[in-house]
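# Observations on the model geometry
What follows is each chain in one-letter form.
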Amino acid sequence: MEDEIKEYPKFKQSMVKTHTILIPSMLDIHMSLWEAVLKQSGYKCEVMRNQGPEVVEEGLKYVHNDTCYPALLVIGQFIDNLNHRDDTHNVVLLITQTGGGCRASNYLHLLRKALIKAGYGYIPVVSLNASNLEKDSGFKPTLKDILKIVAAMTYGDELMYLYNKCRSYEVNKGDATRLKDEWVNKIIKQFEVGKGTKLGQMKKNMRQMALDFNNLNLDLSHKKPKVGIVGEIYIKYASLGNNHLEDFLVSQDAEVMVPGVYGFALYSVWNYIYDREIYGRSLKSALIAKFLLHFFQKREKIMINSMRETKFTPMNYFDHTKDLSEGVLHHGTKMGEGWLLTAEMMELIEEGYENIICAQPFGCLPNHICGKGVMKKIKSIHKDANIVAIDYDPSATKVNQENRIKLMLAIARERIKDDDKVEL
Ligand code: SF4
């Protein structure tokens, strides 16, 4: 390839103390916890919070316009952030990659090419992935860091779940946000003194978290439309990507549900085991995956059990969610969000979130197959499914997206009966 980059700046161990690691924004709660974990380990880091049309403009300037929209946004956010910094010689960019067959595995090279074009070719880029895509990086989280990162993901998922259950029904505006922030700070403080990662401590924290949200003053007198959000992982979670979709739905008096990151983590791990079964792939990878699956599922169980003493219906076990896609989409379909996207739609409907927004980024073939492609089949199984696919791309207008969502909400409202009870 004539434009292949053979040499690129590396993030060396000696840079840990001098360079700030810039991280693209995505999940607010999880990111705040992960940012704190890295800082506690001696890294200087910053989750980028720059948004606005300049981000898209920068993305369009330096990335080909048929690139997946999430890549365009992430690269645009980096370059826009760099354009506004006084010192760009002491920064490192960090991106996460799944390492699968999807185009996300090429984001790293797209970003490096864009940096060269924008005049920032001297900035090192670090790829955070579980597939050994980059072996020469100075970013080497310790086992202690990894345990904290996983614990942060577990707490993040539980907080996101409880927060979304409560925020549309709170009597005193801001109560749910305040409680969520309090818990984020509490967990960060525990991590600081080496606590919060052992199973017993997690059990205690998560039970208390659920009880605290259970005690919030909520007005449960009227049922609201319950809306689930699925789609490509970045567009689903990043407010920059989905034009603040969760906030918009709450402003429209709807209850929102966004499936947690655990589903994606378990899906990615489980696929290695299934690959061995159907393609005869590496036994070693399958055995490591089995160990990881067990490791994650222990924590998943804590999360689910923590809601036992509350009014909240807990999230489902991954094994149950996985089985829901059977008969709709084969488990061998695993590019991007693959069969998980289908399974999450089925799960949401089963949990009463029959109104679903499928957030589709421009240029994303896997999501068109596993999202849009299965809608007809899902609707044939669940007649009440009210699913709408919303496209996110540089030219899509927010007004157009919101109008389509309002139409979906109007159908949802028509279906609510006066004597319907709120079930959280
Ligand atoms: S899942 Fe879709 S948007 Fe994400 S990298 Fe793959 S093709 Fe691109």
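What you see is a predicted model; the values in this text were computed from it and never measured.

This next bit is on the packing of helix α6 (residues 175-192) against helix α7 (residues 199-214). Across the interface, α6 lies against α7 with an axial gap of 11 Å and an inter-helix angle of 165°. Here α6 lies roughly antiparallel to α7, going by the angle between them. Crossing of α6 over α7 shows right-handed handedness. Of the residues in α7, those touching α6 at A176, L179, K180, W183, K186, I187 and Q190 are N205, Q208, M209, D212 and F213. For the contact of α6 with α7, a count of residues per class yields 6 nonpolar, 3 polar and 3 charged.

As a further point, take helix α3 (residues 69-83). Given 3.6 residues per helical turn, the α-helix brings residues three or four places apart onto the same face. Its 15 residues place the ends of α3 21 Å apart at the C-alpha level, agreeing with the 21 Å of an ideal helix rising 1.5 Å per residue. A large share of α3 lies buried, amounting to 14 of its 15 residues.

Quick look at the pattern of salt bridges now. Applying the stated rule across the entire model yields 18 salt bridges. The residue E46 makes a salt bridge to R85 at a minimum N-O spacing of 3.1 Å. Pair noted here: E46 is in strand β2 (residues 44-47) and R85 is in the loop between α3 and β3 (91-96), with a separation of 39 residues, a long-range link. According to the relative accessible area criterion, R85 is partly exposed, its value standing at 22%. Through salt bridges with shared partners, a single ionic network connects E35, K39 and R49.

Turning our attention to the packing of aromatic side chains. Tallied over the full model, the rule gives 9 aromatic pairs. Residues Y262 and F296 carry aromatic rings whose centres are separated by 5.9 Å and whose planes lie at 85° to one another, so their mutual orientation is edge-to-face. With Y262 in helix α11 (residues 261-279) and F296 in helix α12 (residues 283-305), the pair connects residues that are 34 residues apart, well separated along the chain. Summarising the burial analysis for this pair, Y262 and F296 share the class buried.

Attention shifts here to the sheet that holds β2. Sheet strands pair via backbone hydrogen bonds, and the direction of the pair is either parallel or antiparallel. Spatially, the 4 strands line up as an open sheet ordered β2-β1-β3-β4, and their pairing is parallel. Both outer strands of the open sheet, β2 and β4 (125-128), are each paired with one neighbouring strand and no more. Taken pair by pair, the neighbouring strands of this sheet meet at an average axis angle of 30°, ignoring direction. Looking at chain direction, β3 and β4 are connected through 4 bridges and run parallel. Counted as the bridge partner of T96 is L128 from β4. In the packing of helix α1 (residues 28-40) onto the sheet, contacts are made with β1 (20-23) and β2, and the angle to β2 comes to roughly 170°.

Moving on to the domain arrangement of the protein chain. Segmenting the protein chain into domains produces domain 1 (13-139) and domain 2 (224-260 + 315-424). Centre-to-centre separation of domain 1 and domain 2, based on C-alpha positions: 28 Å. The interface of domain 1 with domain 2 comprises 20 residues on the first partner and 20 residues on the second. Summed over both sides, the interface between domain 1 and domain 2 buries roughly 1,500 Å², with carbon and sulfur atoms accounting for 72% of that surface. It is M26, Q51 and Y69 in domain 1 that bury the most area against domain 2; as a group they hold 37% of the surface buried on that side.

Among the surface-exposed residues, I288, F291 and L292 lie close enough to one another that they form a single nonpolar patch of about 280 Å² accessible area. With respect to the helices and strands, the residue L292 is situated in helix α12. The class of L292 is partly exposed, set by a relative accessible area of 31%.

Time to look at the environment of E277. Positionally, E277 belongs in helix α11. Given a relative accessible area of 61%, E277 falls into the exposed group. In this structure the C-alpha to C-alpha distance between E277 and D157, which are 120 residues apart in sequence, comes to 30 Å.

Our focus in this paragraph is α11. Spanning 19 residues, α11 covers 26 Å between terminal C-alpha atoms, matching the ideal 27 Å at 1.5 Å per step. Approximately 25° is the largest bend angle found in α11, and it occurs at I273. With its phi angle positive at about 70°, G280 sits one or two positions after the end of α11.

Bringing the pairing of β1 into the picture now. Side chains T20 and L22 project from β1 onto one buried face, and the interleaved I21 and I23 project onto a second face that is buried too. Sheet topology places β1 next to β2; 4 bridges connect them, and they run parallel. Pairing of I23 across the sheet is with V47, part of β2. Assessed by its sense of winding, the connection that carries the chain from β1 through α1 to β2 is right-handed.

What follows concerns the pairing of strand β5 (residues 226-231). With 6 of its 6 residues buried, β5 lies for the most part within the structure. In β5, alternate side chains face the same way, and those of K226, G228 and V230 on one face and V227, I229 and G231 on the other are all buried. For β5 and strand β6 (residues 255-257), the ladder comprises 3 bridges, and the chain directions are parallel. Paired with G228 across the strands is M257, a residue of β6. For β5 and strand β7 (residues 355-361), the ladder comprises 5 bridges, and the chain directions are parallel. Counterpart to V230 in the pairing with β7 is C358.

Here is what the cut-offs are and how they apply
- The residue count restarts for each chain, going from 1 along the sequence in the order it is written.
- Local features in this predicted model are restricted to residues of pLDDT 70 or higher, and side-chain atom pairs are both shown and tallied only at a pLDDT of 80 or more, whereas totals for entire chains, interfaces and linings draw on every residue.
- Each side-chain value is derived from all of the structure's non-hydrogen atoms; neither hydrogens nor water enter the calculation.
- The angle between two axes is taken between their N-to-C directions and runs from 0 to 180 degrees, where each axis is a line fitted to C-alpha atoms and a helix contributes only its stretch in contact.
- Under the scheme used here, helices are H or I runs from DSSP no shorter than 4 residues and strands are E runs no shorter than 2 residues, and both carry numbers assigned from the N terminus.
- Note on terminology: angles under 35 degrees are roughly parallel, angles over 145 are roughly antiparallel, angles of 65 to 115 are roughly perpendicular, and the others are oblique.
- The hand of a helix crossing depends on one turn: near helix anticlockwise from the far one by less than a right angle means left-handed, and clockwise means right-handed.
- Residue contacts are defined here by distance: any two heavy atoms, one from each residue, within 4.5 Å place the two residues in contact.
- When residues are sorted by character, Ala, Val, Leu, Ile, Met, Phe, Trp, Tyr, Cys and Pro go into the nonpolar class, Asp, Glu, Lys and Arg into the charged class, and all the rest, Gly among them, into the polar class.
- One fewer than the residue count of a helix, multiplied by 1.5 Å, yields its expected span.
- Summary of the burial criterion: residues with accessible area below 20% of their type's maximum are buried, those above 50% are exposed, and those between are partly exposed, where the area comes from a 1.4 Å probe applied to protein chains only.
- The term salt bridge refers to a side-chain nitrogen of Lys or Arg lying within 4 Å of a carboxyl oxygen of Asp or Glu.
- Geometry of aromatic contacts follows a simple scheme: Phe, Tyr and Trp rings, the Trp one being its six-membered ring, pair when their centres are within 6.5 Å, and the pair is stacked under 30 degrees between planes, edge-to-face over 60, tilted otherwise.
- DSSP-based pairing: two strands are paired if at least 2 bridges between them are found.
- Throughout, the edges of the domains are those of an automatic or database domain assignment.
- A simple way to read buried area is as the amount of 1.4 Å-probe accessible surface that goes missing from two parts once joined, with both sides added.
- Candidates for patches are residues over 30% relative accessible area with no salt bridge; among them, like charges are joined within 9 Å and nonpolar side chains (Val, Leu, Ile, Met, Phe, Trp, Tyr) within 5 Å.
- Surface accessibility follows the Shrake-Rupley procedure with a 1.4 Å probe radius. Residue values consider only the protein chains on display as shielding.
- Bend at a given residue is defined as the angle between two axes, one fitted to the seven residues that end at that position and one fitted to the seven that begin there.
- The handedness rule is simple: strands pointing away from the viewer, and a clockwise path from the first strand over the helix to the second, make the crossover right-handed.

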